[in-house]
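Okay, here's what each chain looks like letter by letter:
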Amino acid sequence: MCLSKTRCSLCWITSCRTVVWVFLWTKFSCSPSTPADCSQYNLPMCPRNFEPVCGSDGTNYSNECMLCFQNMERKTNILIRSKGEC
């Protein structure tokens, strides 16, 4: 919080930079990605349960099977960056 009008823009810019840096660091940090366990699925059919995973490509997949399906269709090797949405 800024106490004077002249310092408000500087305080805002400083806090804004911090927020942006924290956002970028958490979104694109080099946390290890893990391969999806595609052997447990009967591709191309996937269950419709919603258990989102974040792919190493930055895309949200509704579940691990859908990530596996995408890898099969596009012949890619997208890994799981994290459980939950990106």
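Being a predicted model, the structure only gives us computed values, none of them experimental.

Asks: I keep staring at the side chain of Asn 71 and nothing clicks. Help me out?
Replies: Within the fold, Asn 71 resides in helix H2 (residues 64-74). Of the residues examined, Asn 71 reaches a relative accessible area of 11% and is grouped as buried. Polar side-chain contacts of Asn 71 include one of 2.8 Å to the backbone nitrogen of Ile 78. Residues within four places of Asn 71 in sequence aside, it is in contact with Thr 76, Asn 77 and Ile 78.

Asks: Which parts of the structure should I look at to understand the nonpolar core?
Replies: A general tendency of soluble globular proteins is for nonpolar side chains to be buried together. With 7 residues, the main nonpolar core is built from Ala 36, Val 53, Tyr 61, Leu 67, Cys 68, Ile 78 and Ile 80. Setting aside anything within four residues of it in sequence, one finds Val 53 in contact with Thr 59, Asn 60, Tyr 61, Asn 63, Glu 64, Leu 67, Ile 80, Ser 82, Lys 83 and Gly 84.

Asks: Where do I start with the confidence of the model for the chain in this structure?
Replies: Detailed conclusions should not be drawn from predicted coordinates in areas where pLDDT is low. Here the chain shows a mean pLDDT of 78. Residues at 70 or above account for 64%. Of all helices and strands in the chain, the one with the weakest mean pLDDT is helix H1 (residues 5-28) (46), whereas strand S2 (residues 60-61) scores best (98). A low-confidence stretch, residues 1-13 (pLDDT under 50), is modelled with 4 contacts involving residues beyond four sequence positions or located in other chains. Within the model, the stretch residues 19-29 combines pLDDT values under 50 with 3 contacts to residues more than four positions away or in other chains.

What counts as what
- Residues numbered from 1 in each chain as written.
- Predicted model: local features only at pLDDT ≥ 70, side-chain atom pairs only at ≥ 80, totals over all residues.
- Heavy atoms only, no water.
- Helix = DSSP H or I, 4+ residues; strand = E, 2+ residues; numbered from the N terminus.
- Buried < 20%, exposed > 50% of the residue type's maximum accessible area, 1.4 Å probe, protein only.
- Polar contact = N/O pair within 3.5 Å; in protein donor to acceptor, adjacent residues only side chain to side chain.
- Contact = heavy atoms within 4.5 Å.
- Core = buried A, V, L, I, M, F, W, Y, C linked by side-chain atoms within 4.5 Å.
- pLDDT = per-residue confidence, 0-100.

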